[in-house]
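The lines below spell out each chain.
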Amino acid sequence: MILGLIPARYASTRLPGKPLLDLGGRSMIRRVVEQARRADLQRVVVATDDARIRDHVLDFGGEAVLTRPEHASGTDRLWEAFELLGAPAATRCIVNIQGDEPFIHPAQINTLTALFSGPTPPPDIATLVKPVASEEELFSPHLPKVVLSAAGRALYFSRHPLPYQRQRPPAEWLAHHRYLRHLGLYAYSPAVLRQLTQLPVSPLEAAESLEQLRWLEAGFQIQCAETELDAFGIDTPEDAARARARLGQGV
């Protein structure tokens with residue numbers, strides 16, 4: 001079984017209660033669930049810390065579990081949710097789907113799950129990358145960048161553009177190198193997910209505020225698959241306004 005888990009917290013500094021935010025007549029979390037159900041997943045479950053979100057998901061016919069509120073990361077919340085579901089033994093991989101991306105493409109989810117279905121051994125962790133398309137993306141600290149090995153494994157993630165081009169001014173970087181940004185969609189086996197939750201915060205993670213650096217420092221390999229499809233996360237009222245405008249345009 002391939003299980004899709006969607007962590008959804010009620011608290012948000014910039015947009016409290018955002019999983020229940022109305023976007024064109026449907027809540028954000030409902031849109032995420034409906035998109036995830038279009039992918040090749042056998043089960044899609046919301047992992048939330050708030051009864052209002054759980055009840056709302058159940059009301060529209062979704063599946064949800066109520067987790068503890070004190071989790072420091074979505075990864076920890078996912079492991080508790082998996083245990084609450086009875087830790088199904090037949091689960092081949094778990095896909096961590098961001099609860100604030102109402103336009104998540106099913107094809108992106110399928111790209112990751114395919115890495116766990118082939119004849120080769122599955123990766124420790126799989127995630128997505130996308131070519132950087134603009135200078136604004138390249139220098140935004142809110143859009144983490146990643147550098148890969150020749151085999152497509154992550155070498156490092158950073159909020160700063162990587163690599164630094166010593167011989168050129170920053171305005172010319174994008175014209176002379178193919179940069180990649182990281183999209184926050186992950187897949188891993190239950191055994192790996194359990195190990196990830198037992199790792200302490202690492203120095204690189206603390207410096208960049210990127211949890212995936214904790215995994216790299218601990219020696220886990222992160223296989224990256226490339227997509228041309230974009231991600232649209234909602235963190236602010238301005239993001240919500242853009243999402244409503246997108247829905248109004250039928251995009």
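Note that the structure is predicted; figures quoted are calculated from it, not measured. (Residues numbered from 1 in each chain as written. Predicted model: local features only at pLDDT ≥ 70, side-chain atom pairs only at ≥ 80, totals over all residues. Heavy atoms only, no water.)

### Structural notes on the overall build of the protein
Inference 1: Scanning the protein for helices and strands turns up 10 helices and 11 strands.
Inference 2: Radius of gyration (C-alpha) of the protein: 18 Å, near the 18 Å computed for a compact globule of 251 residues.
Inference 3: For the protein, the C-alpha atoms occupy an extent of roughly 60 × 45 × 35 Å along the three principal directions.
Inference 4: Burial statistics for the protein: of 251 residues in total, 50% are counted as buried.
Inference 5: In the protein, once contacts between residues fewer than 6 apart in sequence are set aside, the share between residues at least 24 apart is 66%.
Inference 6: Working note: accessible area of the protein is about 11900 Å², and carbon and sulfur atoms make up 51% of it.
Inference 7: Charge-centre separation for the protein: the mean point of 27 positive side chains lies 2 Å from the mean point of 29 negative side chains. (Helix = DSSP H or I, 4+ residues; strand = E, 2+ residues; numbered from the N terminus. Rg over C-alpha atoms; globule rule 2.2 N^0.38 Å. Buried < 20%, exposed > 50% of the residue type's maximum accessible area, 1.4 Å probe, protein only. Contact = heavy atoms within 4.5 Å. Areas by Shrake-Rupley, 256 points an atom, 1.4 Å probe, with all protein chains shown as cover. Lys, Arg positive; Asp, Glu negative; His and termini not counted. Charge placed at Lys NZ, Arg CZ, Asp CG, Glu CD.)

### Here's the deal with the side chain of Gln165
Inference 1: Along the polypeptide, Gln165 turns up in the loop between strand E9 (154-158) and helix H6 (173-176).
Inference 2: According to the relative accessible area criterion, Gln165 is buried, its value standing at 9%.
Inference 3: Sequence-distant contacts of Gln165, defined by excluding residues within four places in its chain, comprise Trp173, His176, His177 and Tyr179.

### Thoughts on helix H2 (residues 51-59)
Inference 1: In this structure Asp50 caps H2, since a side-chain oxygen of it lies 2.8 Å from the backbone nitrogen of Arg52.
Inference 2: Backbone geometry just downstream of H2 places Gly61 in the positive-phi region, at approximately 95°. (Polar contact = N/O pair within 3.5 Å; in protein donor to acceptor, adjacent residues only side chain to side chain.)

### Looking at the packing of aromatic side chains
Inference 1: Counted according to the given criterion, the structure contains six aromatic pairs.
Inference 2: Ring centres of Tyr188 and Trp215 lie 6.3 Å apart, and the angle between their planes is 80°; on these two criteria the pair is classed as edge-to-face. Here Tyr188, found in strand E10 (residues 180-188), pairs with Trp215, found in helix H9 (residues 211-217); they are 27 residues apart in sequence, far enough to count as distant. An identical accessibility class is assigned to Tyr188 and Trp215; each is buried. (Phe/Tyr/Trp six-rings, centres within 6.5 Å; stacked < 30°, edge-to-face > 60°.)

### A few points about the pairing of strand E8 (residues 145-148)
Inference 1: Pairing of E8 with E9, which is carried by four bridges, proceeds in the antiparallel orientation. Within the sheet, the bridge partner assigned to Lys145 lies in E9 and is Ser158.
Inference 2: Connecting the antiparallel pair E8 and E9 is a turn made up of five residues, with Gly152 showing a positive phi of about 85°.
Inference 3: As defined by bridge partners, E8 adjoins E10 across two bridges and the pair is classed as antiparallel. The residue of E10 that forms the bridge with Lys145 is Arg181. (Pairing = 2+ DSSP bridges.)

### What to know about the pattern of salt bridges
Inference 1: Counting across every chain of the model gives 14 salt bridges.
Inference 2: One salt bridge connects Glu34 with Arg30, and the closest N-O pair in it is separated by 2.9 Å. With Glu34 and Arg30 both in helix H1 (residues 28-37) and four residues apart, the pair spans about one turn of that helix.
Inference 3: A relative accessible area of 24% means that Glu34 is categorised as partly exposed.
Inference 4: Here Arg242 makes a salt bridge to Asp239, at a shortest N to O gap of 2.2 Å. (Salt bridge = Lys/Arg side-chain N within 4 Å of Asp/Glu carboxyl O.)

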